[in-house]
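Now for the letters of each chain:
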Amino acid sequence: MITLLYAALCTLLILVLAGRVIAARWKHKVGLGDGGNSELNRRVRAHANAVEYVPLALILLGGMELNGYPDWLVHAFGTALFVSRLLHAWGLATSAGTSPGRFLGTVLTLLLMVAMCVMAIAGFVAGLSG
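Residues numbered from 1 in each chain as written. Predicted model: local features only at pLDDT ≥ 70, side-chain atom pairs only at ≥ 80, totals over all residues. Heavy atoms only, no water.

A.B. asks: Account for the overall build of the chain, with residues named and values stated.
C.D. replies: Each helix and strand in the chain was counted, giving four helices and zero strands. Counting helices and strands in the order they occur from the N terminus, the chain gives α-α-α-α. In terms of principal-axis extent, the alpha carbons of the chain reach across some 60 × 25 × 20 Å. Counting only residues that meet the buried cut, the chain has 38% of its 130 residues in that class. For the chain, contacts bridging at least 24 residues in sequence account for 64% of all contacts bridging at least 6. Surface summary for the chain: the accessible area is close to 7400 Å², and the carbon and sulfur share equals 73%. Positive and negative side-chain charges in the chain, numbering 9 and 5 respectively, have mean positions lying 14 Å apart. (Helix = DSSP H or I, 4+ residues; strand = E, 2+ residues; numbered from the N terminus. Buried < 20%, exposed > 50% of the residue type's maximum accessible area, 1.4 Å probe, protein only. Contact = heavy atoms within 4.5 Å. Areas by Shrake-Rupley, 256 points an atom, 1.4 Å probe, with all protein chains shown as cover. Lys, Arg positive; Asp, Glu negative; His and termini not counted. Charge placed at Lys NZ, Arg CZ, Asp CG, Glu CD.)

See below:
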């Protein structure tokens, strides 16, 4: 199952992001929240943002695979998802404000999710008429 590969890669990324949060919590002695520390806040948001978007994208990706979309297309969307999340995390790691990585990661994530939603809805409607 192709989706399992991207689920594993995204999970590894989320675990790395969680490790960065844990390290910053230890470093700044903050047990909950960000303690007003901008570095910790960025790490928490990078982790949380991935946790917010990745599961929905993986559900859509798995649905595409189960519904027989071509393997190359599932790989293309899976790769785009992983790259977009890497870009977003890198962007937040390097800047508290706007950054190319954060911008590209956000735009790519949203575009690929919209595209997968459109494909899922179109596939469902086509199935109703077929």
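A.B. asks: Could you give an account of helix H4 (residues 100–129), with specific residues and numbers?
C.D. replies: The terminal C-alpha atoms of H4 lie 43 Å apart, and with 30 residues this matches the ideal 44 Å at 1.5 Å per residue to within 8%. Along H4, the residues that are buried comprise Gly101, Gly105, Thr109, Leu112, Met113, Met116 and Met119. On its buried face, H4 sits against helix H2 (38–66) and helix H3 (71–94). (Expected span 1.5 Å × (residues − 1).)

A.B. asks: Mind laying out the nonpolar core, listing which residues take part and the relevant values?
C.D. replies: Of all hydrophobic cores here, the largest spans 27 residues; its most connected members are Leu58, Leu61, Met64, Phe77, Leu112 and Met116. Contributing elements (two or more residues each) for this core: helix H1 (2–28), H2, H3 and H4. Setting aside residues no more than four positions away along its own chain, Met64 makes contact with Tyr69, Leu73, Val74, Phe77, Met116 and Met119. (Core = buried A, V, L, I, M, F, W, Y, C linked by side-chain atoms within 4.5 Å.)

A.B. asks: Help me get a handle on a nonpolar patch on the surface, residues and values and all.
C.D. replies: Taken together, the side chains of Phe103, Leu104, Val107 and Leu111 define a hydrophobic patch exposed on the protein surface, amounting to about 400 Å² of accessible area. Positionally, Val107 belongs in helix H4. (Patch = residues over 30% accessible without salt bridge, like charges linked within 9 Å, V, L, I, M, F, W, Y side chains within 5 Å. Salt bridge = Lys/Arg side-chain N within 4 Å of Asp/Glu carboxyl O.)

A.B. asks: Talk me through the packing of H1 against H2; I want residue IDs and the actual numbers.
C.D. replies: Helix packing for two helices is described by the angle between their axes and how far apart those axes are. In the contact formed by H1 and H2, the axes pass within 9 Å of each other and the chain directions differ by 170°. The orientation of H1 with respect to H2, classified from their angle, is roughly antiparallel. The hand of the H1/H2 crossing is left-handed. For the contact of H1 with H2, the per-class residue count stands at 18 nonpolar, four polar and six charged. (Axes fitted to C-alpha atoms, helices over the stretch in contact; angles between N-to-C directions. Parallel < 35°, antiparallel > 145°, perpendicular 65-115°, else oblique. Left-handed = near helix turned anticlockwise from the far one by under 90°. Nonpolar A, V, L, I, M, F, W, Y, C, P; charged D, E, K, R; others polar.)

A.B. asks: Outline the layout of surface pockets, listing residues and values.
C.D. replies: In this structure, the largest pocket encloses a volume near 170 Å³. In terms of lining residues, the largest pocket is bounded by Leu60, Gly63, Met64, Asn67, Tyr69, Met116, Met119, Ala120, Gly123 and Phe124. For the lining of the largest pocket, the leading source of residues is H4, giving five residues. The residue inventory of the lining of the largest pocket, partitioned by class, reads seven nonpolar, three polar and no charged. (1 Å grid on protein atoms, 1.4 Å probe; cavity = no way out; pocket = protein on both sides within 12 Å on 5 of 7 lines; lining within 4 Å. Points joined across faces, edges and corners; volume = space filled by probe spheres on them.)

A.B. asks: Any chance you could break down the state of the cysteines for me, citing the residues and the numbers?
C.D. replies: Here the structure, examined in full by the defined rule, presents zero disulfides. With no disulfide of its own, Cys10 lies closest to Cys117 among cysteine sulfurs, the gap being 16 Å. (Disulfide = S-S within 2.5 Å.)

A.B. asks: Requested: an account of unusual backbone geometry, with residues and values cited.
C.D. replies: One non-glycine residue with positive phi stands out, namely Lys29, at about 55°. Taking the relative accessible area as the measure of exposure, Lys29 reaches 73% and is therefore exposed.

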